[in-house]
Amino acid sequence: MEYESVIGLEIHVQLKTKSKMWCGCANEYGAPPNTNVCPVCMGMPGVLPVANEEAMRLTALAGYLLNCEVPKFAKFDRKNYFYPDAPKNYQITQYDKPSTRNGYVEFEFEGGLQRVGITRAHLEEDLGKNFHFDRESGVDFNRAGVPLLEIVTEPDIRNPDMAHAFLNALKDIMIYGGVSDFDMEKGMARCDVNISVRPVGQESFNARREIKNMNSFSGVRRALNYEIPEQTRRTKAGETIQQGTVRWNDDLGVTENMRSKEDAHDYRYFPEPDLMPFEPTDEWLEEVRSRVVELPLARKRRFMSDYELPEGDADVFVQNVPLGDFFEAAVEGVKNRKAVANWVINNLRAKLVEAGLEIGDCQIQPAAVAELVGLVDDKRITSKNAQEAFGIMFETGRMPAAIADEKGWKPADAGEMETFCDAAIEANPGPADDFRNGKDAALNRILGHVMKLSQGSADPGQVRALLAKKLRG
Amino acid sequence: MADDAFDIHYAANLARIELSEEEEARLGAQLGDILGYVEKLKELDVEDVEPTAHAHPVSNVTRPDEVRPGLTHEEVLQNAPRVVNGLINVPKIVE
Amino acid sequence: MPPLLLGLFLTFDILTMLNQLTISELTTKLRAGEASSREATQACLDRIAAVDDKVNAFISYDGEDALAQADAADAALKEGADGASKPLLGVPIAVKDVLAVKGQPLSCGSKILGDFISPYDATVIRQLKEAGAVVFGRLNMDEFAMGSSTENSAFGVTKTPWDLDRVAGGSSGGSGAAVAADEVIATLGTDTGGSIRQPASFCGCVGIKPTYGRISRYGLVAFASSLDQIGPMTKDVRDAATLLEILCGHDKLDSTSIPEPSPSLSANLNGDIKGMRIGLPKEYFIEGLDPQVKASVEAAVKQLVELGAEIVEISLPHTDYAIATYYIVANAEASANLARFDGVRYGARVQPAHDDPNPVFNLYARTRGQGFGAEVKRRVIMGTYVLSSGYYDAYYLRAQKVRTLIRQDFLKAFEQVDAIVSPTSPVLPFKVGEKADDPLQMYLADIFTISCNLAGICGVSLPCGFSGNPKLPIGLQLLGKPLGEETILRIAHAYEQATDWRSQKPQI
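Just so we're clear, the structure is a prediction, and the values are computed from it rather than from any experiment.

## Thoughts on the overall build of chain A
Here comes step 1: The secondary structure content of chain A amounts to 15 helices and 14 strands.
Here comes step 2: Expected size for 473 residues packed as a compact globule is a radius of gyration near 23 Å; at 30 Å, chain A overshoots this value by more than 25%.
Here comes step 3: Seen along its three principal axes, the alpha-carbon backbone of chain A occupies a region of about 90 × 55 × 45 Å.
Here comes step 4: Expressed as a percentage of its 473 residues, the buried residues of chain A come to 42%.
Here comes step 5: Here the analysis covers contacts within chain A between residues at least 6 apart in sequence; of these, 69% occur between residues at least 24 apart.

What follows is the structure, encoded as C-alpha cells:
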C-alpha cells in the first residue's frame with residue numbers, strides 16, 4: 001500500500017513596523033536584553049493595550065497578497081496559559097474572527113504551478129525570548145509585544161521539497177510586499193509543521209504530529225524527511241500515532257517528545273475586553289489595496305512572456321525589482337530586448353555593486369541604454385567602444401551618441417576589415433583549415449589576430465561573419 | 001449547564017494556585033455553593049440574545065506606528081525578583 | 001480673653017479645621033491667601049496620625065513627599081496660578097492603593113506584589129497632578145478590589161468612622177473612611193460592582209461611578225476589565241462634580257475610553273429638578289431590606305417629590321439574575337487579569353528549591369498560593385473554571401447574554417425616566433466578621449449596585465439619613481443613563497442642599 005503525507009504549516013511572521021503592537025517600544029532586533037520594554041509590554045499592573053494601526057494595515061495587505069478575504073469585522077481574544085515568556089500569562093491573539101482568511105499561494109514546483117491553500121492569517125503578539133542555561137533559564141522581553149502574523153496553511157503540502165518551495169515563495173511575497181523582512185535567523189519568521197500520513201486514496205485524515213523548533217527552511221525539510229518515513233513505518237507496522245507536539249533536534253536529526261502538560265490545550269479563549277473590534281471601512285481597505293504589489297511569480301512570467309527573456313534573466317528582475325523597473329523603462333520601443341537585458345544585468349548591476357550605489361542614486365538613464373543598443377546594432381560604434389561609453393554614461397549620465405561624437409569614434413572601416421581578415425587567414429593556415437573542415441572553435445585564433453591588427457577596434461561579431469564567409473563561403 | 005461536580009483540583013492547577021488540603025475542601029465547598037447559585041441563569045431563554053461585548057461600543061481604535069521612550073533597563077529590573085546578566089531569571093524551563 | 005490669646009485660639013481653630021473642608025471651600029481659602037496648602041496638608045497628616053490607628057484607612061503614606069508637593073503648590077499659588085487651569089492646586093487628595101503612582105508602592109491590598117514600586121503614573125494621577133493636587137497616600141481596599149467590606153485586605157480591615165466595630169464597606173473602604181473621617185479632602189476609589197457607592201453609603205460620604213469608559217483605566221490595576229471604573233469619593237456633591245470634570249475625557253492609552261469630551265457638571269448644579277421623572281424599581285423592595293434603610297430612602301423619595309420631581313414605578317425584570325451574571329463575568333475576566341501576578345517579573349516570588357521536580361510550575365503555584373488571600377483565590381479559581389474547556393458556553397457566554405438583557409432593562413426604563421432611585425445597600429454597615437464566613441451572603445448584598453456596572457451606566461451614592469442606635473449612615477443611590485452624570489448629580493445636589501445630613505460628623 002502506498003502512503004502519502006499530509007502536511008500543513010504554521011508560520012509566525014513578525015510584521016515590519018517601527019513600534020510594537022500595543023505600545024511604543026521599538027520593534028528592533030539585537031538590542032541588549034530588556035532594553036526595549038515599557039510597563040505595557042512587561043505586563044505590569046494596570047497597563048492596557050492599544051492597537052498599532054500600521055500592523056492592522058500590514059495584516060490586511062498580507063491578506064490581499066495571499067489572496068485572502070479581508071472580512072469587515074475582526075476582533076481580538078485572550079489565549080490563557082502560564083509561561084515565563086508571557087508577560088501577562090495570556091497572549092492577545094485572534095481566535096474566531098481573524099483579520100484575514102481563505103486564501104492561497106501559487107508557486108512554481110517541479111516544472112508546474114502548485115497551489116497551497118491559506119486557512120487564515122491572523123494578528124497576535126509575540127512573546128519574550130527564553131534562554132536556557134545549565135540549571136536555570138532567563139527571559140528577555142524585548143520581543144514581547146512585537147506584532148506577529150500567524151499564517152496557517154491548509155494541509156495541501158505533500159512532500160518536504162514542496163514545503164521548502166512553498167516557504168521560499170511565501171518569503172518572497174512577504175518581503176516583496178513590505179510586510180516582513182522574514183529573516184529566520186533573527187527569529188522574524190518561525191515555522192511549525194503539522195504532519196500525518198495516510199494511505200493514498202483515503203480522504204480522511206489520520207492522527208497528526210506537530211513539529212516545533214526548526215530554525216530554517218532546510219531544517220523544515222530535514223525534519224519532514226525524518227518524520228515522514230518514521231510515521232509511515234510505524235503506521236505500516238500497525239502502531240498508533242499519538243496526536244501531539246514534538247520537538248525537532250537538528251543536531252541529532254530526530255524528533256523528541258516534549259513534556260506533556262495535562263492542561264496544555266485548555267486556553268480558555270474569550271474576547272479581549274480591553275480592545276475594541278476592528279471594522280475596516282471601504283476607504284481604509286482601498287488604501288491598503290493600493291499598496292499591493294505585483295507578486296514574484298506573476299512578475300517573472302510577465303518578463304518572460306512580454307519581453308521574451310530567458311528564465312535566468314527574469315529571475316534577476318524578480319529578485320531585484322528596481323533593476324527590473326529600469327529594464328522595463330529602457331526596453332520600451334527597442335527591438336533587441338536581450339541586448340538591453342544584457343547591459344542591465346551584466347554591466348549596470350556590476351557597476352552599481354562596485355560603486356556601492358542603489359539604482360535610484362546613479363546617473364545613468366534608461367533612455368541612454370536604449371540609445372547605446374541602437375548604436376551598436378546599427379554598427380555606428382564598435383562593441384569595445386560601447387563598453388567605454390557605458391562607463392562614461394554611468395559616471396556622468398550623458399547620452400552615448402553625444403559621447404561617440406565627442407570621442408570621434410567611427411564604425412569599423414569595411415575595407416580595412418577585409419584586408420585584416422585576409423592577412424589573418426594567411427597568417428593562420430592551420431586554424432583556417434580546421435575551420436573549413438567544420439571545427440568552429442578554430443575561428444577564434446584567426447579572430448584574435450584580426451583584433452590585434454585592428455588594435456581592438458574591429459567589431460568581433462562583424463569579423464566573425466566576414467571570416468566565416470571567406471572560409472566557408 | 002455543567003452537571004459534573006466542580007473539580008477544584010483541575011481548576012486550581014489551571015490557575016496555578018497551590019491549595020492546602022484544608023483550602024481545597026473549604027474553597028471547594030464554597031465554590032460549589034456559588035456555582036450552584038449561578039445555575040439560575042439557566043432559567044432564562046437567551047437563544048436570540050447577543051452577548052455584550054462592550055458596554056459602550058466603539059470600533060477601530062488604533063494608535064500611530066511611532067516609537068516612544070519606554071522604561072530604562074534599570075527601571076524594568078528595579079522590581080524584578082531575580083536578574084542574571086540582564087535577563088529575568090527563572091528556574092530551568094524544560095520544554 | 002487677652003487679644004493675643006484670642007487671636008492664637010482662632011488661628012489654631014482655623015488650622016485644625018482645614019482638613020474638614022471641601023475642595024470648593026479649601027480652594028477658595030487657598031486662593032484668598034487665607035490658608036496655605038502646607039497648612040491644609042499638615043492638618044490632614046495630623047488627623048491621620050490622630051485617628052487612622054483606629055480607622056485603618058491608609059495602608060501607607062509619605063508625609064514628607066506630601067508636604068513637598070504642598071510647598072510647590074504654595075509657590076505656584078503665590079505666583080498667582082490660574083484657577084481655571086489648576087482647579088485643584090494645593091488640595092490634598094488620597095488614592096486607593098490600586099492606582100499606579102510613579103515612585104510609590106502599589107499593593108492592591110495584597111501581599112503578592114511584595115515591595116513593588118510603580119514606575120509610571122496612571123492617567124488619572126497625571127490628571128490630578130496637572131490640576132495641581134497634592135496626591136498622596138495608599139488607601140486600604142479589599143484585595144484586588146474583590147470584596148464589599150475591606151475585610152479581604154492583607155493589611156487589616158478598615159472601619160467606618162461612625163462605629164469602629166463595623167466595616168467601612170468595600171472594596172474602596174479606605175477611600176470612603178478617609179473622606180468621612182476628614183483625614184483628607186477627597187479621595188479616588190474604584191467601582192466594579194458597587195465598590196465606590198457601597199462604602200460611600202457605609203461611611204456617609206458621596207461616591208460616584210461614572211459611565212463605563214468616561215474615565216481612563218490606564219494605570220488602574222484591572223479586576224474586571226469590562227466593569228471597572230475609577231471615581232471620586234467626596235464630602236459633597238459639588239466636589240464630586242469638580243473631580244469628575246477633571247478626570248473624564250478620552251485617553252489614547254485606553255482603547256475602551258469613550259471619545260466624548262468631559263461633561264460640564266459643576267456649572268449645572270442649579271438645584272432645579274422640577275419635572276424630572278425618577279423611577280422606583282419595583283423589584284428593589286426586597287425582603288432582606290433593612291427597615292431603617294427602607295424608611296430613610298422612602299423619606300428621601302418624598303423629599304425629591306417636594307423638590308418637584310415625579311416618581312414613576314418602573315420594572316427591571318432581570319434584577320434577580322444580576323448577581324449571578326456579575327460573578328461569572330467579573331471572575332472570568334479577573335482570572336485572566338490576575339494571571340500576571342506570578343513573581344516572575346515583579347512581586348513576592350516564592351522560589352522553589354534547586355531540586356524541585358517541577359520548578360516553574362511550583363514557582364507560579366506557590367507564589368500565588370501564598371500571595372493571594374482566600375477571596376481572591378475563590379474568584380480566580382471560579383473564573384478559570386467558567387472559562388475552561390466545555391464550560392464557556394454554559395457560563396461565560398450565557399452570562400454575557402443575560403448582561404445584554406439587564407442592559408436592555410435599563411435602557412428601556414430610561415425611555416420613561418431621567419434617573420432611577422434606590423437604596424445603595426439593603427443593609428446597614430455590618431460588624432467586622434459578621435459576614436466573613438459566607439461569601440455568597442456577602443455577594444447577595446450587592447444587589448442594588450451591581451447592575452449598574454453590568455449595564456455600563458452611571459450611579460452615585462449620597463447620604464440620606466442615619467439609623468437609630470447605633471447611629472450609622474444610610475445611602476441613597478441615583479442611577480443615570482449612559483453619559484447621564486449631569487442629571488444624577490443635579491438631582492443629588494438638589495436633594496443634598498434641601499437636607500443637611502452633611503453637617504453631622506462621626507465622633508472619632
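## Focus: the overall build of chain C
Here comes step 1: Scanning chain C for helices and strands turns up 16 helices and 13 strands.
Here comes step 2: The C-alpha radius of gyration computed for chain C amounts to 22 Å, which stays within 12% of the reference 23 Å derived for 508 residues, consistent with globular compactness.
Here comes step 3: Each of the three principal axes of chain C carries a C-alpha extent, and together these read 80 × 60 × 45 Å.
Here comes step 4: A burial count over chain C gives 63% of its 508 residues as buried.
Here comes step 5: Taking contacts inside chain C between residues at least 6 apart in sequence as the whole, the part at least 24 apart equals 75%.

## Quick look at helix α2 (residues 160-176) of chain A
Residue and element names in this part refer to chain A.
Here comes step 1: Taking 1.5 Å of rise per residue, 17 residues should cover 24 Å, and α2 covers 24 Å from first to last C-alpha, within 8% of that figure.
Here comes step 2: Residues of α2 that are buried: Pro160, Met162, Ala163, Ala165, Phe166, Leu167, Ala169, Leu170, Lys171, Ile173 and Met174.
Here comes step 3: Two residues or fewer past α2, glycine 178 is found with a positive phi of approximately 75 degrees.

## Some remarks on the environment of A:Gln462
Here comes step 1: Tracing the sequence through the fold places A:Gln462 in helix α15 (residues 460-472).
Here comes step 2: We classify A:Gln462 as partly exposed; it has 18 C-beta atoms within 10 Å.

## Focus: the environment of B:Ala11
Here comes step 1: When you line up the elements, B:Ala11 lands in helix α1 (residues 8-14).
Here comes step 2: We classify B:Ala11 as buried; it has 25 C-beta atoms within 10 Å.
Here comes step 3: A C-alpha to C-alpha distance of 39 Å links B:Ala11 and B:Pro69, two positions 58 residues apart in sequence.
Here comes step 4: Sequence-distant contacts of B:Ala11, defined by excluding residues within four places in its chain, comprise C:Ile381, C:Thr384, C:Tyr385 and C:Ser388.

## Brief notes about the interface of chain B and chain C
Here comes step 1: Taken together, the 44 residues of chain B in the interface contact 57 residues of chain C.
Here comes step 2: Looking at the side of chain B that touches chain C, the elements with two or more residues in it are α1, α2 (21-38), α3 (73-78) and β3 (87-91) of chain B.
Here comes step 3: Here the side of chain B that touches chain C gets seven residues from one element, more than from any other, and that element is α2(B).
Here comes step 4: Among the residues forming the side of chain B that touches chain C, the class breakdown is 30 nonpolar, six polar and eight charged.

## Observations regarding the sheet that holds strand β14 (residues 270-271) of chain A
Here comes step 1: An order of β4-β3-β14 (chain A) is seen for the three strands of this open sheet, with the pairing classed as antiparallel. Of all strands in the sheet, those bounded by a partner on one side alone are β4 (90-93) and β14 of chain A.

## Notes on the interface of chain B and chain A
Here comes step 1: The interface of chain B with chain A comprises 33 residues on the first partner and 42 residues on the second.
Here comes step 2: Contributing elements (two or more residues each) for the side of chain B that touches chain A: α1, β1 (62-63), α3 and β3 of chain B.
Here comes step 3: Here the residues of the side of chain B that touches chain A are counted per class, giving 16 nonpolar, 10 polar and seven charged.

## As for the pairing of strand β8 (residues 136-140) of chain A
Residue and element names in this part refer to chain A.
Here comes step 1: Of all five residues that make up β8, four are buried, and the element is covered over most of its length.
Here comes step 2: Relative to β8, strand β7 (residues 129-132) runs antiparallel, the two sharing four bridges. Within β8, the position partnered with histidine 132 by the bridge is serine 137.
Here comes step 3: Hairpin connection between β7 and β8: a loop of three residues separates the two successive antiparallel strands.

## A look at the domain arrangement of chain A
Here comes step 1: Each domain of chain A was delimited in the assignment, giving domain 1 (11-187 + 251-289), domain 2 (296-377) and domain 3 (414-472).
Here comes step 2: For domain 1 of chain A and domain 3 of chain A, the distance between their C-alpha centroids amounts to 65 Å.

## A word on helix α3 (residues 217-236) of chain A
Residue and element names in this part refer to chain A.
Here comes step 1: Taking 1.5 Å of rise per residue, the 20 residues of α3 would be expected to cover 28 Å, and the 28 Å separating its terminal C-alpha atoms lies within 8% of that figure.
Here comes step 2: The set of residues buried in α3 consists of Val220, Ala223, Leu224, Glu227 and Gln231. Taken end-on, α3 shows its buried residues confined to a sector of 105 degrees, consistent with a single buried face. Residues of α3 that are exposed and point more than 90 degrees away from the buried face comprise Arg233 and Lys236.

## Section: unusual backbone geometry
Excluding glycine, most residues fall at negative phi; most peptide bonds, likewise, are trans.
Here comes step 1: Put simply, C:Gly170 and C:Ser171 share a cis peptide bond, and its omega is 5 degrees.
Here comes step 2: Within the secondary structure layout, C:Ser171 lies in the loop between β5 (163-167) and α6 (173-180).
Here comes step 3: Residue C:Pro470 is bonded to the preceding C:Asn469 through a cis peptide linkage, with omega at 0 degrees.
Here comes step 4: With respect to the element layout, C:Pro470 can be found in the loop between β12 (458-466) and β13 (473-480).
Here comes step 5: Backbone geometry places A:Arg268, a non-glycine residue, at a positive phi of 50 degrees.
Here comes step 6: Turning to its location among the elements, A:Arg268 is positioned in the loop between β13 (254-257) and β14.
Here comes step 7: Its identity as a non-glycine residue notwithstanding, C:Phe144 has a phi of 50 degrees, on the positive side.
Here comes step 8: Along the polypeptide, C:Phe144 turns up in the loop between β3 (134-139) and β4 (159-160).

## A word on the sheet that holds strand β2 (residues 83-84) of chain B
Here comes step 1: Spatially, β7(A)-β8(A)-β3(B)-β2(B) is the arrangement adopted by the four strands of the open sheet, whose pairing is antiparallel. Either end of the sheet is taken by a strand with one partner, and the two such strands are β7 of chain A together with β2 of chain B.
Here comes step 2: Here β2(B) pairs with β3(B) via two bridges, running antiparallel. Looking across to β3(B), one finds that B:Val84 is bridged to B:Leu87.

## Digging into the confidence of the model for chain C
Here comes step 1: Confidence along chain C averages 95 in pLDDT terms, with 97% of residues attaining 70 or more.
Here comes step 2: On the interface metric, ipTM, the complex scores 0.95, and its pTM is 0.88.

## Considering the packing of α2(B) against helix α10 (residues 322-337) of chain C
What describes two packed helices is the angle between their axes and the distance between those same axes.
Here comes step 1: For the pair α2(B) and α10(C), interaxial distance at closest approach is 9 Å and the crossing angle is 120 degrees. What the angle tells us is that α2(B) and α10(C) run oblique. The element α2(B) and its partner α10(C) pack so that their crossing is left-handed. Facing α2(B), whose interface residues are B:Ile34, B:Tyr37 and B:Val38, α10(C) presents C:Ala324, C:Tyr327 and C:Ile328.
Here comes step 2: Class assignment of the residues belonging to the contact of α2(B) with α10(C) gives a composition of six nonpolar, no polar and no charged.

## Some thoughts on the nonpolar core
Here comes step 1: In terms of nonpolar packing, the biggest core is built from 263 residues, with A:Cys41, A:Phe166, C:Ile93, C:Leu99, C:Ile328 and C:Ile381 touching the most fellow members.
Here comes step 2: If you tally residues by element for this core, the top one is α10(C), at 11 residues.
Here comes step 3: Those residues in contact with C:Ile381 that sit more than four places away from it in its chain are B:Ile8, B:Ala11, B:Ala12, B:Ala15, B:Ile17, B:Leu27 and B:Leu31.
Here comes step 4: Among the nonpolar cores identified, the runner-up in size contains 30 residues, and A:Phe303, A:Phe326, A:Trp343 and A:Ile403 belong to it.

## What to know about the environment of A:Leu357
Here comes step 1: Mapped onto the elements of the fold, A:Leu357 is located in the loop between α8 (337-355) and α9 (366-377).
Here comes step 2: In contact with A:Leu357, other than residues within four places in its own chain, are A:Leu352 and A:Cys362.

Each value, and the rule that gives it
Residues numbered from 1 in each chain as written. Chains lettered and ligands numbered in written order. Predicted model: local features only at pLDDT ≥ 70, side-chain atom pairs only at ≥ 80, totals over all residues. Helix = DSSP H or I, 4+ residues; strand = E, 2+ residues; numbered from the N terminus. Rg over C-alpha atoms; globule rule 2.2 N^0.38 Å. Buried ≥ 20, exposed ≤ 12 C-beta atoms within 10 Å, placed from the backbone. Contact = placed C-beta atoms within 7 Å. Expected span 1.5 Å × (residues − 1). Nonpolar A, V, L, I, M, F, W, Y, C, P; charged D, E, K, R; others polar. Pairing = 2+ DSSP bridges. Domains from an automatic or database assignment. Arc of directions from axis to C-beta. pLDDT = per-residue confidence, 0-100. Axes fitted to C-alpha atoms, helices over the stretch in contact; angles between N-to-C directions. Parallel < 35°, antiparallel > 145°, perpendicular 65-115°, else oblique. Left-handed = near helix turned anticlockwise from the far one by under 90°. Core = buried A, V, L, I, M, F, W, Y, C linked by C-beta atoms within 7 Å.

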